[in-house]
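Remarks on the overall topology
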Amino acid sequence: MTDKVAVDLSGAAQTMLATLYLKALDADFAHPVLGDRFARQAVQRLDYDFPAIGVSAAWAPLITVRTALYDLWARQFLAAHPECTVIHLGCGMDARVFRLNPGPEVHWFDVDYPEVVALREQVYPTRPHYELLGTAATDLSWLQHIPTGRPTLLLAEGISMYLTAEQGVDLLRAVTDRFATGEVQIDFYNWLAVKSQRRQALVRATGSSLHWAVNSPAPVLRAVPGLRLLIATTLSGAVTLRRAARGPRAMARLMRVLPPVRDALQYHRYAFGPVM
C-alpha cells in the first residue's frame, strides 16, 4: 500500500485542497461535470482531513463548471496553436495538464507557491515539456523563466481574488509586455463576492482573504490596454453548466434575477498581440 503524503499548507495555498476535494467528489457523481479521475486519485494519496474543510458535494458545481469551461477554452487555444506555451498560474493541485494531455510541441508550466509545487511533485508524475515553478505569482521574476517567441496562454483560475488590484494589473501588464501574442483566461469575483467573504466557509476555514473585485471586463481593459476581450460570462451563462445536475442549474437560473448575484462569479477570456 502506498504511503500517504503529508500536507502542511495554510492561507490561500490551502484553498486548493478544497477545490481538489470538490473535483474528486464530482468524479464520483453518476453524471459528473468534470469527471477528473486525477483529482480522485490525488485525494486518496494525501494525508488530510478533507471533510473538515466544511464543503460538501453540493458545492462541487461552483468549481467544476468553472474548471470545465477553462478546460474547453484551453483546448480551443491548443487546437489553434499546436506549438505554444501554456502558463497555468496558481495551478494548486489541479491536473489540467494531464486532463488535456497537450501535444508534443506544447511547453507547459505549472506555477504556484514552493510548498504547493513540492506537494505536486509527490503526487503527480512528470511528463515531457512540462515544468513546475515554485514561486508566488506576485514575484514577477518567474516570468523570466518562460521562453518567448511562441503564442502563450496564461491560464489563471481561482487566483485573481487573492491579489490586490495593483498586483493583478501589474501581473497582466507584465504578461502582455513579455509575450508577443496569446491569450489570458482568468476568472474574477465581483464586489458582492469579495464583500461577503466572511460568510464563505472556504475563506473562513483557510484564514485567507479576498481583495481584487472586478465587476465587468471594462476596468480590466482600461488597466491593461494590450488586452482584447474575446468572451466574458458568469456561472449562470457558462456553457459547461448544462453538464451539472438539475438542482445546480435551477439555482444558477435564480441567480440571474439579481445582477450583483448573477455577476458574482465571472469568467473572462482575452487575446493580446496581433490579430491572427
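Definitions and limits used
- Residues numbered from 1 in each chain as written.
- Predicted model: local features only at pLDDT ≥ 70, side-chain atom pairs only at ≥ 80, totals over all residues.
- Heavy atoms only, no water.
- Pairing = 2+ DSSP bridges.
- Helix = DSSP H or I, 4+ residues; strand = E, 2+ residues; numbered from the N terminus.
- Axes fitted to C-alpha atoms, helices over the stretch in contact; angles between N-to-C directions.
- Buried < 20%, exposed > 50% of the residue type's maximum accessible area, 1.4 Å probe, protein only.
- Right-handed = clockwise from strand over helix to strand, strands pointing away.

Taking an unreviewed UniProt entry as the reference, the protein chain is identified by name as Class I SAM-dependent methyltransferase belonging to Mycolicibacillus parakoreensis.

1. Things to note about the sheet that holds strand β6 (residues 152-156)
Here seven strands make up an open sheet; going across it, the order is β5-β4-β3-β6-β7-β9-β8 and the pairing mixed. Whereas interior strands pair on both sides, the edge strands pair on one side only; in this sheet they are β5 (130-134) and β8 (227-234). On average, each strand axis in the sheet is tilted by 15° relative to the strand beside it, whichever way the strands run. In this sheet, β5 lies alongside strand β4 (residues 107-112) in parallel orientation, the contact comprising five bridges. Note that in β5 the partner of aspartate 110 across the bridge is leucine 132.

2. Here we look at the pairing of strand β7 (residues 182-189)
Counting buried positions along β7 gives eight out of eight residues, so the element sits mostly inside the fold. On β7, burial covers both faces: Gly182, Val184, Ile186 and Phe188 on one face and Glu183, Gln185, Asp187 and Tyr189 on the other are all buried. The pairing of β6 with β7 spans five bridges and is parallel. Bridge assignment links leucine 155 to a residue of β7, and that residue is glutamine 185. In terms of handedness, the path from β6 via helix α6 (residues 165-178) over to β7 forms a crossover that is right-handed. Across eight bridges, β7 lies against strand β9 (residues 265-272) in antiparallel orientation. Note on β9: the bridge partner recorded for tyrosine 189 is leucine 265.

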